[in-house]
Amino acid sequence: MVLFDGLAFCKLGDKVWTPIHHQRQTWEGYMDALYFKGNFYIVSSNSVTYICDVRASPQPSMTKIEVEQCLLCSFFLVESRGELWKIYCGTGYDSSEDEEEFPEDLHTEDHVINQAEQSGNGDLNCFDKYDLVDHNHYFSSSLKTKYFCVWKLDTVGGSKPSWIDVENLDGVALFLGLNQSFSLSDPRIFGYQENRIYYTDSSRELHKRGWPSGYDTGIFNFRDDTIESLYKTDSKSVKPPAIWVTPKA
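Residues numbered from 1 in each chain as written. Predicted model: local features only at pLDDT ≥ 70, side-chain atom pairs only at ≥ 80, totals over all residues. Heavy atoms only, no water.

Identification of the protein as KIB1-4 beta-propeller domain-containing protein from Tripterygium wilfordii is taken from an unreviewed UniProt entry.

This is how it looks when you write it as structure tokens:
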């Protein structure tokens, strides 16, 4: 499956991509997708998860997992010990000065809709809303990862799939990033720490547009909510941004 302004998939032997016709909110962008137990799971920038069954005919079916929606969020999907996990990356500022400069209403739905109507842009995607404010005004600020929230998919507790809180990683280490995300059930074997989230900068739109990016990397301790550096750098822009590589044995 490929994520862009829309969705498309291909099967083994296909010569072209098959587009998936899916009506979504104009500001909703697709953040991550994962194939899990026969279906694709797709998470959007406003926290909605879609279950896509590409076996349906003539068009793949899209089922929504209802959640409390938010806007402009960074989500990841990871399979861990046979379960599907959704991870939210919460960001914040390094200084109160930066926080005061940031437009307070940028993350609100009404602001995005009103600005889209005023500009005549009826097809505003998740990241285009950044164009509605002064780039220098916003990107002089340094947004960095501050915390993570984790949920796992519950398909047993009710008639419909739902997300339930994960309060303990139970020794698992998660690796989140721009190119791929995965988990290790016993990270000590490979020299990594338990109950940690290793993350690299996933701000693909900032990097693509040439704005400062790539520096938000670290190791988050899920037990005490502390963060340590993944590697030392004073740079405010790392190009290209770091990615995870899993060598074959």
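S.K.: Can you help me understand a nonpolar patch on the surface in this one?
M.R.: A grouping of Ile 189, Phe 190 and Tyr 192 is seen on the molecular surface, where their side chains present a nonpolar patch of about 340 Å² in accessible area. Take Tyr 192: it is sitting in the loop between β13 (182-184) and β14 (196-199). (Patch = residues over 30% accessible without salt bridge, like charges linked within 9 Å, V, L, I, M, F, W, Y side chains within 5 Å. Areas by Shrake-Rupley, 256 points an atom, 1.4 Å probe, with all protein chains shown as cover. Salt bridge = Lys/Arg side-chain N within 4 Å of Asp/Glu carboxyl O. Helix = DSSP H or I, 4+ residues; strand = E, 2+ residues; numbered from the N terminus.)

S.K.: Would you explain the sheet that holds strand β9 (residues 83-93) in this entry?
M.R.: Each strand in a sheet pairs with another by means of backbone hydrogen bonds, the pair being arranged parallel or else antiparallel. Read across the sheet, four strands follow the order β8-β9-β10-β11 without closing on themselves; strand pairing throughout is antiparallel. The strands lining the two open edges of the sheet, one partner per strand, are β8 (74-80) and β11 (162-165). Taking the axes of each pair of neighbouring strands and ignoring which way they run, one obtains an average angle of 40 degrees across the sheet. Here nine bridges tie β9 to strand β10 (residues 143-154), and the two strands are oriented antiparallel to one another. Paired with Gly 92 across the two strands is Lys 144, which belongs to β10. (Pairing = 2+ DSSP bridges. Axes fitted to C-alpha atoms, helices over the stretch in contact; angles between N-to-C directions.)

S.K.: Would you mind showing me how to read the pairing of β9 here?
M.R.: As a general feature of sheets, a regular strand has side chains that alternate between the two faces. Of all eleven residues in β9, nine are buried, a share of seventy percent or more. Pairing of β8 with β9 involves seven bridges; the strand directions are antiparallel. By the bridge assignment for β9, Leu 77 is matched with Lys 86. (Buried < 20%, exposed > 50% of the residue type's maximum accessible area, 1.4 Å probe, protein only.)

S.K.: Got a minute to help me understand the confidence of the model for the protein in this structure?
M.R.: With 70% of its residues at a pLDDT of 70 or more, the protein shows a mean pLDDT of 75. Overall, residues 96-141 carries pLDDT values under 50, and its contacts beyond four positions in sequence, including any with other chains, amount to 67 contacts. (pLDDT = per-residue confidence, 0-100. Contact = heavy atoms within 4.5 Å.)

S.K.: Even after reading the chapter, I still don't get the side chain of Asn 221, so can you show me in this structure?
M.R.: As for its placement among the helices and strands, Asn 221 is situated in strand β15 (residues 218-221). From its side chain, Asn 221 meets the backbone nitrogen of Arg 223 in a polar contact 2.9 Å long. The residues touching Asn 221, leaving out its near neighbours within four places in the chain, are Asn 195, Arg 196 and Thr 226. (Polar contact = N/O pair within 3.5 Å; in protein donor to acceptor, adjacent residues only side chain to side chain.)

S.K.: Mind showing me how you'd approach the nonpolar core here?
M.R.: Generally speaking, a soluble globular protein has its nonpolar side chains buried in company with each other. With 16 residues, the main nonpolar core has Ile 87, Phe 148, Val 150, Leu 169, Leu 174, Leu 176 and Ile 197 as its most contacted residues. Among the secondary structure elements, those contributing two or more residues to this core are β8, β9, β10, β12 (173-176) and β14. By residue number, the principal contributor to this core is β9, which donates three residues. Contacts of Phe 148, omitting those with residues within four sequence positions, involve Ile 87, Tyr 88, Cys 89, Leu 176, Ile 197, Tyr 199, Phe 220 and Phe 222. Counting 13 residues, the second-largest nonpolar core is a separate cluster that includes Val 43, Leu 77, Leu 84 and Tyr 88. (Core = buried A, V, L, I, M, F, W, Y, C linked by side-chain atoms within 4.5 Å.)

S.K.: What am I meant to see in the packing of aromatic side chains here?
M.R.: Counted under the stated rule, the structure contains twelve aromatic pairs. Arranged with centres 4.8 Å apart and planes meeting at 10 degrees, the rings of Phe 175 and Tyr 198 form a pair that is stacked. Linking Phe 175 in strand β12 with Tyr 198 in strand β14, this pair joins segments that are 23 residues apart in sequence. Residue class for Phe 175 comes out buried when judged on its relative accessible area of 1%. Each ring, one from Phe 175 and one from Trp 244, has its centre 5.2 Å from the other, and the planes form 90 degrees; the classification is edge-to-face. Taken together, the positions of Phe 175 in strand β12 and Trp 244 in the segment after β16 (226-228) put the pair 69 residues apart, joining distant regions of the chain. Accessibility classification places Phe 175 together with Trp 244 in one group, the buried group. (Phe/Tyr/Trp six-rings, centres within 6.5 Å; stacked < 30°, edge-to-face > 60°.)

S.K.: Help me understand the sheet that holds strand β1 (residues 2-3), please; the structure alone is not making it clear to me.
M.R.: Pairing within the open sheet is antiparallel, and its three strands lie in the order β1-β2-β3. The sheet is open, and its two edges are formed by β1 and β3 (18-20), each paired on a single side. Here strand β2 (residues 7-9) runs beside β3; their pairing, made up of three bridges, is antiparallel. Bridge pairing in β3 places Leu 7 opposite Ile 20.

S.K.: I would appreciate a short explanation of the pairing of β10 in the present structure.
M.R.: Judged from the four bridges that link them, β10 and β11 form a sheet pairing that is antiparallel. Along β11, the bridge assignment pairs Leu 153 with Trp 163.

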